[in-house]
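What follows is the residue order along each chain.
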Amino acid sequence: MKNQIVIHGGANSPSTLNEKLQKILDNLDVNGSSLDLAVKSVVMMEDDPTFNAGTGSVPRIDGSIQMDAAVMSDSGFGSVMCIENVKHPVMVARDVMEKSPHIMLAGEGAVEFARKLEYEYYNPETEKSREMMDKLKASIKNNTLPEKFKFMVKSSSDTVGAVARIDDKFAAAVSTGGAFPMLRGRVGDSPVIGAGIYQGEKGAVVATGIGEDIAKDLLSFRIYQQIGTDDLNEIVKKEIDKFKVSVGIIAISDNEYSVYANTDMAHAEREL
Ligand code: ASP
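Residues numbered from 1 in each chain as written. Predicted model: local features only at pLDDT ≥ 70, side-chain atom pairs only at ≥ 80, totals over all residues. Heavy atoms only, no water.

Under an unreviewed UniProt entry, the name given to the protein chain is Plant-type L-asparaginase, and the organism recorded is Ferroplasma acidiphilum.

The 7 strands lie next to each other as β4-β3-β2-β6-β5-β1-β11, forming an open sheet whose pairing is mixed. Only two strands of the sheet have a single partner each, and these edge strands are β4 (104–106) and β11 (265–271). On average, each strand axis in the sheet is tilted by 5 degrees relative to the strand beside it, whichever way the strands run. Relative to β4, strand β3 (residues 76–83) runs parallel, the two sharing 3 bridges. Among the inter-strand pairings, Val80 is bridged to a residue of β4, identified as Leu105. The strands that helix α2 (residues 34–46) touches are β1 (4–11), β2 (67–73), β5 (160–166) and β6 (169–176); relative to β6, the one it contacts most, it runs at about 20 degrees. Here helix α3 (residues 89–99) sits on the sheet in contact with β2, β3, β4 and β6, set at roughly 135 degrees to β3. (Pairing = 2+ DSSP bridges. Helix = DSSP H or I, 4+ residues; strand = E, 2+ residues; numbered from the N terminus. Axes fitted to C-alpha atoms, helices over the stretch in contact; angles between N-to-C directions. Contact = heavy atoms within 4.5 Å.)

Right, let's get into unusual backbone geometry. Omega for the bond connecting Phe180 with Pro181 falls within 30 degrees of zero, at -5 degrees, which places this linkage in the cis form. As for its position among the elements, Pro181 is in the loop between β6 and β7 (197–200). Unusually for a residue other than glycine, Asn12 sits at a positive phi of about 80 degrees. As for its position among the elements, Asn12 is in the loop between β1 and α1 (18–26). Take Asn12: its relative accessible area is 16%, and that puts it in the buried class. At Glu118, a position not held by glycine, the phi torsion is positive, near 70 degrees. (Buried < 20%, exposed > 50% of the residue type's maximum accessible area, 1.4 Å probe, protein only.)

Below you can see the structure in the form of structure tokens.
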């Protein structure tokens, strides 16, 4: 089958961002493995402050920015959880897979690992994340938190992800600042194997949306397991339609790909 890459800009990201994502794929250096391409496209989205990943990540309720990212390919799985002050969490996740004996690193340990590999200190804060904090502080003060929670979750553009099929090999990559508002130390689905990401010889799957619900359902693994039993779109739709919270999926198999969400989800695809 033809080589293919699919990317998303997160559950709740408006389709007006499709064009931006398409440009990212148009400008993507397409040399390399499925893992190279998935990671490279996620790095480009981490660099764009529009998205809730890398630069542009949403803050925790204490104002700090902690990020999660993961990769999965034929080489295995790697993820970082609650990593701080690095520019490209997805690259650190890849290094966890390729250069450490572990599959997941969290918090200070993840930051130390990144520094050992010479990832420089980087502050991913943006004007937008500062504004979100100011609004949150104001709503705490005015005792109007529950309503503001809903409003803020809806208004943030989200997590980014990619799935790729190159020479019949699959890879998946994901990066997020998390689901605002959240406590410091909170981990969602994205860096958890089988929850927000899964890959195997049948394909690759990446999820976006409210991580607590996605993780409880082991959504990415559940979809992966069904590849080949029905049209990929049908499998994905059936699983997502069960959710009452915002959820989206991009998935790829040896002859299909699927993009589906129960809410807006910016996305782009490119055949290579
Ligand atoms: N799934 C991410 C999380 O819960 C957020 C997102 O996809 O927007 O951390």
